[in-house]
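Tertiary structure, described
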Amino acid sequence: MEEWLYIQTEVYPALLKGFWVSLQLIVPSAFCGLVIGIMVGVLRVYGSRAVMAVADTYVALFRGIPLVVQLFIWYFGLPYIKIYLSPFVAAVLGFSLCSGAYHSEYVRGALLSIKRGQMLAAQSLGFNKVRMIFSIILPQAIRRALPGCGNEIIYLIKYSSLAYMITCIELTGQGKILASNSFKYTEIFLIIGACYLVMTSVASVILGHLEDRLLLPGFEHHRI
Amino acid sequence: MPESLIAIKDALPYLLRGSLVTLIVVAGAMALGLTIGVPLAVGQVYGRPALRRVIGVYVWFFRGIPLLVLLFLFYFGLCTALDINLSAFTVAIIVLGLISSAYQSQIFRGAILSLPEGQFKAARALGMSDLKAISFIVLPQALRLSIPGWSNEYSILLKDSAVTYALGVAEIMARAHFVATRTYQQLPLYLTAGVIFLVLTYLGTRGLRMLEEKVRIPGYSAHGL
C-alpha cells in the first residue's frame, strides 16, 4: 500500500514532469535536426566546392565527436568565450547540430540515388537549379531518406537522456533524483527504461505510418 | 604561451592515459558484443519461433533504452539489489557490451540472410550437421561480410563510451572534466577531448579496414552487396 502511495504521490508527478521536458527537448531537436540535415545534405551534393568542403567538415566533426563532449562544449565550454546558454538551450542546440549531421548523410545518399534523368527532365522543362532541387529532386529523395532519418530520430529520443549530464532535468534526471532519494534504483530505472521503450516504439510505429502515407505509387520498389 | 595552451599541454598525458581506458572499455564491449551477438544472430535466423521471439525481445529491450538509463539501472540498481560488487569500469563494459550485442546481432543476421541459401543446403547435403554447417560454412562467410557494419559499431561504441563518465569511469571525458573544473579552461580542454576522439575514430576505422582486407577471400566481398 505504501509503495503504491509513493508511486502515486512522488514517482508519477515527477516522471510526468520529466517526460514533458524530454518531449520539449526531442520535438524541436528532431525538427531542427531534420531541417539542418536537409539543408546540409543539399549543399553537400549541389553546393560549390568550397561550400561542400565546409559542409563535409561540419559533418565529419559532429559525427566524430561524442555527443556528450559536444554538449559539454556548448554548456560548460562556451562560457569560456562569454557565451552563456541555459541547459535546455544548450541541449537542444547540441542535439539539433549532431542529428543534423547524421540526417545530412541519409539525405545526401538519397539525393545521389535519384536518377540523373529526373534532373535533365526538370532542366529541359525550364526549371532553374533551386526549383529543380526543391520541387523535383528533394520530394523524391526525402522519401528515400526517411527510413534512415527515422532511425536517427529514434536515436535522438534515446540520446535526449544525455541532457541530464548538462543539468537539464528531463526524464532520466527526474529518475535519478527520485532514485537517490528513495534508494529504489532498480524499480525507478526500470520504469524510466519502460518509458523510453514506449517512446521509441511509438515513434517507430508513427514513422512507419508516415513512410506508408508518403509512399508514391510507382516508387514502392525503392523501399528497403 | 597563452594559458589555454599550457593547460592543454599539461593535461595531455593525463588525457591520453584516459584514452587507454576508453579503448579498453570499447574493446571489451566489442568482444562481449561479438560473443553474445553471434549466437543471437544464429538463433534469430535458424532458431525455433519461441527462441526467435525471446531474442527479438532482448534486442528490442537493449536497442530501445538509452545507454545512460541502462548504466544507472545496472550500476546503482541491479548491482546493489543483487549484492554484486562490480566496479564502474566493469559495469561500463558489460552494459556497452550488452547493448552492442543487440546491434551486432542485427548486423550478423543481415549478413547471414544475405548468403545464398544454397550454401547451407549444400553443407547439409554433404552430411554436415546443422551446427557444423553454421559454424564452418555460414559463419566464416557471414562474419567477413559483417566487418563493414562491425567497424561502424566501433565508432558508435567509442562515442558512447564517453557516457560512462556518468558512472565515474576515468576515461577521456571524465579526465577532461576533472582538469577543466580545476583549471577553468573548459573550452580548450573539451575541444582537446573531442580531437582525441576524432583521432581514435579515424585510427580505429583505418585498422578495421585493414582487417577487412586481410581476412578477405578473393572473389568474396561485401562490395557486391
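Computed from a prediction, not measured in an experiment: that's the story for all the values here. (Residues numbered from 1 in each chain as written. Chains lettered and ligands numbered in written order. Predicted model: local features only at pLDDT ≥ 70, side-chain atom pairs only at ≥ 80, totals over all residues. Heavy atoms only, no water.)

**Considerations on the layout of surface pockets**
Residue and element names in this part refer to chain A. Spelled out, the test is: The method works on a 1 Å grid over the protein atoms by themselves. A cavity is a set of points holding a 1.4 Å probe that cannot get out, a pocket is an open set with protein on both sides within 12 Å along at least five of seven lines, and residues with an atom within 4 Å of a point line them. Grid points are joined across faces, edges and corners, and a volume is the space filled by probe spheres set on the points. By the criteria applied, helices consist of DSSP H or I runs no shorter than four residues and strands consist of E runs no shorter than two, each listed in order from the N terminus. Polar here means any residue outside two lists: the nonpolar Ala, Val, Leu, Ile, Met, Phe, Trp, Tyr, Cys and Pro, and the charged Asp, Glu, Lys and Arg; Gly therefore counts as polar.
As a volume, the second largest pocket reaches approximately 370 Å³. As for the second largest pocket, its lining consists of 17 residues, and the residues nearest its centre are Ile26, Ala30, Ile153, Ile157 and Ala203. Among the secondary structure elements, those contributing two or more residues to the lining of the second largest pocket are helix H1 (2-46), helix H6 (129-159) and helix H8 (185-214). A breakdown of the residues in the lining of the second largest pocket according to their chemical character gives 16 nonpolar, 1 polar and no charged.

**Quick word on the interface of chain B and chain A**
Short version of the rule: Any two residues having at least one pair of non-hydrogen atoms within 4.5 Å are treated as being in contact. Put simply, buried area is how much 1.4 Å-probe accessible surface two parts lose in total, over both of them, once they are put together. A pair is scored as a salt bridge if a Lys or Arg side-chain nitrogen falls within 4 Å of a carboxyl oxygen belonging to Asp or Glu. Each polar contact in these results corresponds to two N or O atoms within 3.5 Å; when the atoms are within protein, one needs to be able to donate a hydrogen and the other to accept it, and residues that are neighboring in sequence are counted only if both atoms are side-chain atoms.
Opposite the 36 residues of chain B that make contact, chain A presents 35 residues. Together, the buried faces of chain B and chain A total about 3,100 Å²; carbon and sulfur atoms form 77% of this surface. Summed over the three residues of chain B that lose the most area to chain A, namely Phe72(B), Lys159(B) and Leu187(B), the buried surface amounts to 18% of that side. Between chain B and chain A we count 0 salt bridges in total. Taken together, the links from chain B to chain A amount to 9 residue pairs in polar contact (both at pLDDT 80 or more). For the side of chain B that touches chain A, the elements supplying multiple residues, two or more each, are helix H2 (49-64), helix H3 (67-81), helix H6 (130-160), helix H7 (172-183) and helix H8 (186-214) of chain B. Ranked by residue count, the leading element in the side of chain B that touches chain A is H8(B), at 10 residues. Each residue belonging to the side of chain B that touches chain A can be placed in one class, and the counts come to 25 nonpolar, 8 polar and 3 charged.

**Examining the side chain of Thr22(B)**
Residue and element names in this part refer to chain B. Definition in use: The buried label applies to any residue whose accessible area, calculated with a 1.4 Å probe on protein chains only, is under 20% of its type's maximum; exposed applies above 50%, and partly exposed to all values in between.
Relative to the helices and strands, Thr22 resides in helix H1 (residues 3-46). Judged by relative accessible area, Thr22 falls into the buried class, the value being 1%. Not counting the four nearest positions on each side in its chain, Thr22 is found in contact with Leu158, Ser161, Glu171, Ile172 and Phe197.

**Here we look at the pattern of salt bridges**
Residues and elements named next belong to chain A. Under the defined criterion, the tally for this structure stands at 6 salt bridges over all chains. Its salt-bridge partner being Asp56, residue Arg44 comes within 2.6 Å of it at the nearest N-O pair. Taken together, the residues span a long stretch of sequence, with Arg44 in helix H1 and Asp56 in helix H2 (residues 49-64) at a distance of 12 residues. Take Arg44: its relative accessible area is 10%, and that puts it in the buried class. Each of Arg44, Asp56, Arg63, Glu105 and Arg108 takes part in one network of salt bridges that share partners.

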